Amino acid sequence: VAVIDDEIVLDRTPFYAESGGQVGDVGLLVGSGMLATVQDTYSPVQGLIVHKVQVQEGSLKVGDVVSAEVDVEKRDATRRNHTATHLMHAALREVLGTHVKQAGSAVAPNYLRFDFSHYQPLTAAEKEEIERLVNYHILRNEPVQTDEMQIEEAMRSGAMALFGEKYGDRVRVLSIKGVEGIFSRELCGGTHVRATGDIGLFKITSDESIASGVRRIRAITGVD
């Protein structure tokens, strides 16, 4: 353990740091006579993961040995929302057109938010068709595959990349394959479900304009 105020660095950690719109993991650090809650995890520079903690019992000092426990329920909910974001992006492009490009996103345990290029409000029929497409791929319980490859190979494979995002020489490519072929393929370093059926249900909760030619969709997933 390295300690700086309420921020902790471990020599290794199972916690996912906030990146690409996905929130960081939360959970617990448990040691001898010590208990701390991890309220956020972020990476200020590549290769460094910082845990924002609040010590509930005892104290933490450099060199302490702790057990790191991720809040599995919140991570699983976040994974559902992240994979659903990829499905929704593909559905938006299929329903509205290939002019749709991601302009920002947020993936949390209790919701997902997706900003995209489009010139007019979604009609009720368009929203219904987007929901139908996403839930169709969820119902089919399609495998979610992650591959690591060279950036040039990823681009040749047709994987979508975020405009303005910086990528290294090797990248992770997330693919969702249906019976008709690849439905979604994007560069992504986040956490995801193993198969689309784990998402449960997808429902759009709002659609609004946030700038000229940019719209924002909010949606929820799961069983509630």
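## Comments concerning the packing of helix H1 (residues 72-96) against helix H2 (residues 124-139)
Thought 1: One way to put it is that H1 packs onto H2 with a least axis distance of 9 Å and a crossing angle of 135 degrees. Here H1 is positioned oblique relative to H2, judged by the angle of their axes. Crossing angle aside, the handedness with which H1 passes H2 is right-handed. Counted together, Leu 87, Met 88, Ala 91, Leu 92, Glu 94, Val 95 and Leu 96 of H1 and Glu 126, Glu 129, Ile 130, Leu 133, Val 134, His 137 and Ile 138 of H2 form the full contact between these two elements.
Thought 2: For the contact of H1 with H2, the class distribution of residues is ten nonpolar, one polar and three charged.

## Observations concerning H1
Thought 1: Across its 25 residues, H1 extends 35 Å between first and last C-alpha, which sits within 8% of the 36 Å expected from 1.5 Å per residue.
Thought 2: For H1, the capping residue at the N-terminal end is Asp 71, with a side-chain oxygen 3.2 Å from the backbone nitrogen of Glu 73.
Thought 3: Directly after H1, the chain includes Gly 97, whose backbone phi takes a positive value near 130 degrees.

Cut-off values and rules
- Residues numbered from 1 in each chain as written.
- Predicted model: local features only at pLDDT ≥ 70, side-chain atom pairs only at ≥ 80, totals over all residues.
- Heavy atoms only, no water.
- Axes fitted to C-alpha atoms, helices over the stretch in contact; angles between N-to-C directions.
- Helix = DSSP H or I, 4+ residues; strand = E, 2+ residues; numbered from the N terminus.
- Parallel < 35°, antiparallel > 145°, perpendicular 65-115°, else oblique.
- Left-handed = near helix turned anticlockwise from the far one by under 90°.
- Contact = heavy atoms within 4.5 Å.
- Nonpolar A, V, L, I, M, F, W, Y, C, P; charged D, E, K, R; others polar.
- Expected span 1.5 Å × (residues − 1).
- Polar contact = N/O pair within 3.5 Å; in protein donor to acceptor, adjacent residues only side chain to side chain.

Function-wise, these values are silent; they only describe arrangement.
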